[in-house]
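Chain by chain, the residues run as shown.
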Amino acid sequence: MSTAGPVIRRALASDWPAWAQLRRALWPDCGTELAELQQLLQEGGTVLLAFDQDRPVGLAEANLRHDYVNGTASSPVGFLEGWYVVETWRGKGIGRALVAEVARWARAQGCSELASDTALDNALAQAAHLGSGFAETERVIYYRMPLDGPAA
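Positions within a chain are numbered from 1, following the residues in the order the chain's sequence is written. Per-residue local features of the predicted model are confined to residues with pLDDT of at least 70, and side-chain atom pairs are confined, for both listing and counting, to 80 or more; whole-chain, interface and lining totals are unaffected and use all residues. Heavy atoms from the whole structure form the basis of all side-chain values; hydrogens and water molecules are not counted.

(A) Summary view of the side chain of histidine 129. Think of it this way: any DSSP run of H or I at least four residues long counts as a helix, any run of E at least two long counts as a strand, and we number them from the N terminus. Note that histidine 129 resides in helix 4 (residues 123–131). Pairs of N or O atoms are called polar contacts if they sit within 3.5 Å, as long as, within protein, a hydrogen donor faces a hydrogen acceptor (for residues adjacent in sequence, only side-chain-to-side-chain pairs). A polar contact of 2.7 Å, which involves the side chain of histidine 129, links it to the side chain of serine 116. Contact criterion: two residues are considered in contact whenever any of their non-hydrogen atoms come within 4.5 Å of each other. Those residues in contact with histidine 129 that sit more than four places away from it in its chain are Trp83, Ser116, Asp117, Thr118 and Phe134.

(B) Fine view of the nonpolar core. Throughout, nonpolar core names a set of buried Ala, Val, Leu, Ile, Met, Phe, Trp, Tyr and Cys residues whose side chains join them through atoms within 4.5 Å. Exposure classes here rest on a 1.4 Å probe applied to the protein chains alone. A residue is buried below 20% of its type maximum, exposed above 50%, and partly exposed in between. Counting residues in hydrophobic clusters, the biggest one holds 17 residues, and the most contacted among them are Ala60, Leu80, Trp83, Ile94, Leu98 and Val102. Of all elements in the fold, only strand 2 (46–52), strand 3 (55–65), strand 4 (77–85) and helix 3 (94–108) reach the threshold of two or more residues within this core. Of the residues forming this core, the biggest block, six residues, is contributed by helix 3. Not counting the four nearest positions on each side in its chain, isoleucine 94 is found in contact with Pro6, Ile8, Ala50, Val57, Val85 and Trp89. Trp19, Leu41, Leu49 and Phe51 belong to the second largest nonpolar core, which has 13 residues in total.

(C) Just the side chain of arginine 23, in detail. The topology assignment puts arginine 23 in helix 1 (residues 16–26). Classification of arginine 23 by relative accessible area gives buried; the value is 7%. A distance of 2.9 Å separates the side chain of arginine 23 from the side chain of glutamate 36, its partner in a polar contact. Among all residues touching arginine 23, those that are not within four sequence positions of it are Cys30, Gly31, Thr32, Glu36, Leu40, Leu59 and Glu61.

Okay, structure coming up:
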């Protein structure tokens, strides 16, 4: 780690390799095409990257949600869609710094709330959210029913 610590900044199209690397680490089955990054950058959300010198060490993707977001009371709501710090860099404040930057972005978009979610069994992510200033609002299990045959 450099003496100044990692730099967090908004992603550029030229950051595609770093973004793709971090995104695949977070979501192994996700898309990482340059066109997808460009679309994210143009749709009004934000993609933030943390770099230690030229090494990517963290990622945060956020959007505005205008539909109802569980546990919130306003609209639009800034929503932290994805958040990742390289394992060897965890515990050094990078995740909290990424969330703080997302919160600044959301406030600048007129939001009074920032929301996020994680899996019920992901205790590490739950602890990271709580450690970054989030408060748990509710727990939900979603269900689905395929409609290609008669309902039971």
